[in-house]
Amino acid sequence: DAYIARSSTWGAEMRALREVLLGLGLTEEIKWNKPTYVHDAGNIAIMQPMNDVLGLMFFKGALINDPDGVLHSQGENS
């Protein structure tokens, strides 16, 4: 709650995304100073607020089937 409250740009979006992630049964932890979502002690996703976007990054995103091309890579080394 405190992390999201400090957000001057993405607070409403973070709250909505957080509700979805917690509704999926993930546990929220603060890791690397960011809200991180965990299942069975494994990191699943992390919220990354940036200037022009709110990123939801998946730790093993390359393994996700994405037939509609919704997901975008962070770069060749990510």
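The preceding data block contains the structure.
Rules behind the numbers
- Residues numbered from 1 in each chain as written.
- Predicted model: local features only at pLDDT ≥ 70, side-chain atom pairs only at ≥ 80, totals over all residues.
- Heavy atoms only, no water.
- Helix = DSSP H or I, 4+ residues; strand = E, 2+ residues; numbered from the N terminus.
- Buried < 20%, exposed > 50% of the residue type's maximum accessible area, 1.4 Å probe, protein only.
- Lys, Arg positive; Asp, Glu negative; His and termini not counted.
- Salt bridge = Lys/Arg side-chain N within 4 Å of Asp/Glu carboxyl O.
- Contact = heavy atoms within 4.5 Å.
- Pairing = 2+ DSSP bridges.
- Axes fitted to C-alpha atoms, helices over the stretch in contact; angles between N-to-C directions.

J.: Quick question: what am I supposed to make of the side chain of Lys 34 here?
T.: Along the chain, Lys 34 falls in strand E2 (residues 34–39). No salt bridge is formed by the buried Lys 34. Its closest oppositely charged neighbour is Glu 28, at 13 Å. Once residues lying within four places of it in the same chain are set aside, the contact partners of Lys 34 are Tyr 3, Glu 29, Ile 46, Met 47, Gln 48 and Pro 49.

J.: Where do I start with the sheet that holds strand E1 (residues 27–31) in this structure?
T.: Backbone-to-backbone hydrogen bonds join strands into a sheet, with any given pair of strands oriented parallel or antiparallel. Spatially, the four strands line up as an open sheet ordered E1-E2-E3-E4, and their pairing is antiparallel. A single partner strand is all that each edge strand has here, and the edge strands are E1 and strand E4 (54–58). On average, adjacent strands in this sheet sit at an angle of 30° to one another, irrespective of strand direction. Bridge analysis of E2 against strand E3 (residues 42–49) gives four bridges, and the strand direction is antiparallel. Counted as the bridge partner of Tyr 37 is Ala 45 from E3. Packing against the sheet, helix H2 (residues 11–23) makes contact with E1, E2, E3 and E4, and its axis sits at approximately 25° to E4.

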